[in-house]
Amino acid sequence: MKHILKIDNLSRQFKSGDKLLTVVDNVNLEIEKGISCAIVGPSGSGKTTLLGLSAGLDQPTSGNVTLNGINLNPLNEDERAEVRNRNVGFVFQTFQLVPTLTAVENVMVPLELRGEATSGVRERALELLNDVGLADRSHHYPTQLSGGEQQRVAVARAFINTPEILFADEPTGNLDTETGEHIEKLIFDLNTKEGTTLVLVTHDLELADKCDRIVKIKNGKIDSDISKKKEILA
Amino acid sequence: MKKLSWIFKMAWRDSRSNRKKLFLYLAAIIVGVAAQVAISSFRENLNDSISEQSKELLGADLEVEKNEPFHDELEVYLDSLGGDRSDALSFTSMAYFPKSGTTRLSQITALQGNFPYYGELKTNPTSASSSFQNVNGALVDEPIMLQFGLEPGDSVKIGLTTYEIVGALQEVPGQPVAASFFGPRIYIPKQNIEETGLLQRGSRLEYISYIKYADGADPIQIEATLDAMNDSVRFGYDDVAERKEEVGEAILYLSNFLNLIGFIALLLGGIGVASSILVYIKQKISTIAVLRCVGASSNQAMNIYLIQAVTMGFIGSSIGALIGSLIQLYLPVLVQDFVPVTIELGVSWSSILIGVITGVSISLIFALFPLLAVRKISPLYTLRTVDLHLSSLLGWTTRSSLFGIIALAVTGYAWLMLREFIPAVFFTLGLALCLLLLLGIAFLIMKGAKKINPKAFGYEFRQGLANLYRPNNQTSTLLLTFGLGVTLISSLYLTQDMLLGTLNFDSGEELPNLALYDIQYDQNDGVNKIINDNGMELLQNVPIVTMRLQSINDTTVAEFMADSNRRAERWALNREYRSTYRDSLVSTEELDSGTFIGSVDNFNESVPISVSMDLMGDLNAQLGDTIIWDVQGIPISSYIASTRTIDWQTPQPNFFVVFPTGVLESAPQFFATTVNTPNREASLLLQQKIVQSFPNVSAIDVGQILSTVRDFIDKVTFVIQFIGLFSIITGLIVLAGSAATSRFQRIREAVLLRTLGAKKRQVIKIQIIEYAFLGIMAALTGLTLSVGASALLGYFYFDIEFIPNFTILAIEVLILVSLVLLIGLLNTRGIHNRPPLQILRDQAS
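Please read these numbers as outputs of a predicted model, since none were measured by experiment.

In terms of helices and strands, chain A carries seven helices and ten strands. Buried positions account for 49% of the 234 residues belonging to chain A. Across chain A, the fraction of contacts at a sequence separation of at least 24, relative to all contacts at a separation of at least 6, is 69%.

The structure is reproduced here in structure tokens:
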């Protein structure tokens, strides 16, 4: 299978008072397996909505999303959750760790949800925490960690289920430059090491520039789609 | 299975840092379950005690009674039973205590034989219970001995006979302490009872025989024989099984009623649970969204919190059950006076189990409101910050189903408690109506506060008022929980006050405050002379003639009794009527139909009588019906010429049947006289003089009776209020919970205001204004509803016009507002003296 993500005629509308807002407007997009792709665009352009729809976090008003060969449209919310658990990793701007779980427990959640043996899962989680440089902070709660440390835990969690595709929403948006660069490196390194496809939404053009492909969104439509191989894809 | 274990593990992990937050949730359930378990355990222990002491409830195997000497057939049968038999004569009479110079209307039992056969007459000294019959002595109720400073060796005069008091009477088998509320009990020997001169015509005598069966007797056979005999020879009887059943039923009704009041506390706790879980889940939205994002299904997400809610419900219920088991140790103090057995307490595991199940079920049902919303929390919330209203996530069908489940559960429980379906439905509907009213009022308050928030008032006032309707306000929760608690307790207070108010006629100058009865025909002039000589006003001097019904419209009473289709009440057919004769209606009567005929010249013709409306209904009689009376052996024919409505709530003699003058004058009769005495001392003096001259005359001192009734009502209502208090406590806990959950927001606001330059005084003032408003609104709403409830109770149930006691209402408002203010201000404790940044950091962590 060449494309890990295939989006056909995707639209998403929201009701705002009496008005109907079209946030994603008839988007078509295909992302090849193993590449890194940045979705950029101004605030309110619809890039986060597109990411949410692509990851199966939301239902489109019309159109289709096929993730790793699975058409998400006919699936209900629980079935999509299963697909995410098996295929997808997430890194969010606001880290989104469970505040009541320790670092290692946060990392373990996706595999535990599958019902996998706890000891093996813990080992793998500690290994990943070690990879992100947090081996000695594994039993700390999120509130006891700095922003950068929290995001590293989130990165470790994103990779524990060896996802086919990793969605990152402004992963460095809440971090200072130095910490942000460290996180970027981690994500790209793990992306390469695990062979995961990376889709990231960002304002940061420098970060976008590190990706194999840059899709620019404007007013809910794809404004430009540039590959580092200089191929115009759309 | 592994997924299930993860849910449990996750529920445990997730609860780690939140357990303190859920304490108030626990507390709301603890109080409700404690009330339930206390009452149920106590009931079970009481029932066990009754079973263990069932024979002592009667003191014998069989008790037979009749208000005239037993018929020969009955006497012969009772003698044939073998075993042992004691006979007693019971009546009320004035007792005079020479040592203190006081008199008191007393319940006299003249006893012959070895009664009680089970249990014992407890006396001080102990030997007095067995010796009083041999030495012709008297046993006098201990409280009256203490009150009048009497000791064994002193004397009591009953009728014409003076007895030496040989001991203080402490306990009679099967009689609660309350049995002596309306007159002290005095036991004397039955032999020579005639010498007292009290067994005259008109005296209300009860002939009682206590039987102890011979070995091998068959109680079922005996009961069957007595039943058959009772059809022809009318008498009353009780055996152990029947008495046990009667007492058990009375206790069941009382405890079920109390359980229902306690259940309201549990329901309030349920509302507290729903409110706590709602706030809790609101704080968990992002966690749930993350879990959904990484692959948790909607059910898995919900189950994490469901397990937490049920576990907390279980812990709360278990603690509540423990506390309830301890509280029941106190309940005997409240009700021992009304219970005819010695209560032996123990742990009731079944009550604990039912309490825990009820507590967990209530937690679960009410927690479902916010928990079902968890299923609808979208993983998309990881990408977007939303201010989500959980309740808006639930569809109409889900909400209706949940309300339906709650209504079914409440009705089911009420049905279980009341044993009747329709009242249970009314209980649920009433409760729902009350809650809807409270919610509606909360809505109006919020709308009103928003609309009228006056610009002319100061900033603090406007802020305080605005807090009533701003997001995360506590108006609805407080109105609902605290308001319902206040409604319940206040209704009890006001109803008690209403009932006591109807008895408050001792100060009325025109009303009698002393009633004398059993005045024999030849004593009437003498009694009247003493009253007049003492300068007292004689209000009524009424002749009374005893009679029985012989037939109605040519159908004899026996024929009525034998007819299973009869529509007349048994008591109305069988009773001994005490009728009077006069030529006009009195102030307590109103003509309802027909013509009141005051006198007749010839009583050989059918006599026109006037019958009370109550009796007309119970006899199923019509105007014009003919009745033949057996007036002490002489048949007198009459017809119903008029009917009267009688105000029975006045302390003067009223009669079911009034004859015209010219008929009963020559019949054996006695008199009842009512007097208005200027004060208590004058009343006591008059009683002494009359009793010394005419020992058989009994006096009912209205003042004395009223204070006894007040004591009695106070005791009964205290028991109900004690249980009702659980609702108030739950309301306060839910309020504290609601205040605590909004603490962070309140602190943020307070800190922000202080950062912007507000003084400590201003911040406190805003909070005082908010909580004072909340307190006043909740108190006024609860009290208004309770006034309505009391008025309805007065109108439909007690037939009393309800006039609210504004002093009680004002005091209640003051107490309730103070409580709300106290809780509200305690909630913001410690934030005024610390630097804003430190508080924000503490809260963030």
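From this point on, the discussion continues.
Counting from both sides, the interface comprises 25 residues of chain A and, opposite them, 24 residues of chain B. Among the elements that line the side of chain A that touches chain B, the one with the most residues is helix 2 (residues 77-87) of chain A, at six residues. Considering only residue class, the side of chain A that touches chain B consists of ten nonpolar, seven polar and eight charged.

Moving on: the sheet that holds strand 5 (residues 70-71) of chain A. Residues and elements named next belong to chain A. In space, the four strands of this open sheet follow the order 2-1-4-5, with antiparallel pairing throughout. Either end of the sheet is taken by a strand with one partner, and the two such strands are strand 2 (19-32) and strand 5. Bridge count for strand 4 (residues 62-67) against strand 5 is two bridges, and the pairing is antiparallel. Paired with Thr66 across the bridge in strand 5 is Asn71.

Counting residues in hydrophobic clusters, the biggest one holds 292 residues, and the most contacted among them are Val155 of chain A together with Ala138, Val140 and Leu516 of chain B. Here this core gets 19 residues from one element, more than from any other, and that element is helix 7 (residues 240-283) of chain B. Look past the residues within four positions of Ala138 of chain B in its chain and what remains in contact with it is Phe132, Val156, Tyr163, Glu164, Ile165, Val166, Ile186, Tyr187 and Ile188 of chain B.

Turning our eyes to something else, we now look at the sheet that holds strand 6 (residues 88-91) of chain A. Residues and elements named next belong to chain A. Sheet architecture is open: six strands sit in the order 6-7-8-3-9-10, paired in mixed fashion. What marks the edges here is a single partner per strand, and that holds for strand 6 and strand 10 (221-227). Ignoring which end each strand starts from, the neighbouring axes of this sheet average 15 degrees apart.

This next bit is on the packing of helix 3 (residues 103-113) of chain A against helix 4 (residues 118-131) of chain A. Residue and element names in this part refer to chain A. At their nearest, the axes of helix 3 and helix 4 sit 9 Å apart, and the two run at 125 degrees to each other. By the angle class used here, helix 3 and helix 4 are oblique. As for the relative orientation of helix 3 and helix 4, their crossing is right-handed in sense. Of the residues in helix 4, those touching helix 3 at Ala103, Val104, Val107, Met108, Leu111 and Glu112 are Val121, Arg122, Arg124, Ala125, Leu126, Leu128 and Leu129.

Our next topic: the packing of helix 9 (residues 298-327) of chain B against helix 11 (residues 349-374) of chain B. Residues and elements named next belong to chain B. Between helix 9 and helix 11, the least distance of the axes is 8 Å, while the angle of their chain directions is 150 degrees. By the angle class used here, helix 9 and helix 11 are roughly antiparallel. Crossing of helix 9 over helix 11 shows right-handed handedness. Split into classes, the residues belonging to the contact of helix 9 with helix 11 amount to 16 nonpolar, ten polar and no charged.

On to helix 4 of chain A. Residues and elements named next belong to chain A. When the terminal C-alpha atoms of helix 4 are compared, their 20 Å separation across 14 residues agrees well with the 20 Å that a helix rising 1.5 Å per residue should span. Buried residues along helix 4 sit in contact with helix 3 and helix 5 (147-160). Gly133 sits one or two residues past helix 4 and shows a positive phi near 80 degrees.

Residue and element names in this part refer to chain A. Per-residue confidence for chain A averages 87 on the pLDDT scale, and 97% of its residues sit at or above 70. Per-element mean pLDDT across chain A ranges from 84 in helix 6 (residues 177-194) up to 94 in strand 5. Scored below 50 in pLDDT, residues 230-234 makes four contacts in the model with residues more than four places away or belonging to other chains.

Time to look at the pairing of strand 12 (residues 537-552) of chain B. All names here are of chain B. Note: strand 12 against strand 20 (residues 670-676), seven bridges, orientation antiparallel. Directly across from Val542, in strand 20, lies its bridge partner Ala672. Relative to strand 14 (residues 577-581), strand 12 is paired through three bridges, and the arrangement is antiparallel. Following the sheet pairing, Thr546 is matched in strand 14 by Arg578. In this sheet, strand 17 (residues 626-631) lies alongside strand 12 in antiparallel orientation, the contact comprising four bridges. Looking at strand 17, one finds that Leu549 is bridged to Trp629. By the bridge criterion, two bridges tie strand 12 to strand 13 (residues 555-556) in an arrangement that is antiparallel. Bridged to Ile552 within strand 13 is Thr555. In this structure, the hairpin formed by strand 12 and strand 13 is closed by a connection of two residues, where Asn553 is found at a positive phi of approximately 45 degrees.

Right, let's talk about the environment of Leu783 of chain B for a bit. All names here are of chain B. Here Leu783 is to be found in helix 24 (residues 760-798). Once the C-alpha coordinates of Leu783 and Ser491 are considered, the two residues, 292 residues apart in sequence, prove to be 7.9 Å apart. Excluding residues within four positions of it along the chain, Leu783 makes contact with Val486, Ser490, Leu809, Glu812 and Val813.

Criteria and cut-off values
- Residues numbered from 1 in each chain as written.
- Chains lettered and ligands numbered in written order.
- Predicted model: local features only at pLDDT ≥ 70, side-chain atom pairs only at ≥ 80, totals over all residues.
- Helix = DSSP H or I, 4+ residues; strand = E, 2+ residues; numbered from the N terminus.
- Buried ≥ 20, exposed ≤ 12 C-beta atoms within 10 Å, placed from the backbone.
- Contact = placed C-beta atoms within 7 Å.
- Nonpolar A, V, L, I, M, F, W, Y, C, P; charged D, E, K, R; others polar.
- Pairing = 2+ DSSP bridges.
- Core = buried A, V, L, I, M, F, W, Y, C linked by C-beta atoms within 7 Å.
- Axes fitted to C-alpha atoms, helices over the stretch in contact; angles between N-to-C directions.
- Parallel < 35°, antiparallel > 145°, perpendicular 65-115°, else oblique.
- Left-handed = near helix turned anticlockwise from the far one by under 90°.
- Expected span 1.5 Å × (residues − 1).
- pLDDT = per-residue confidence, 0-100.

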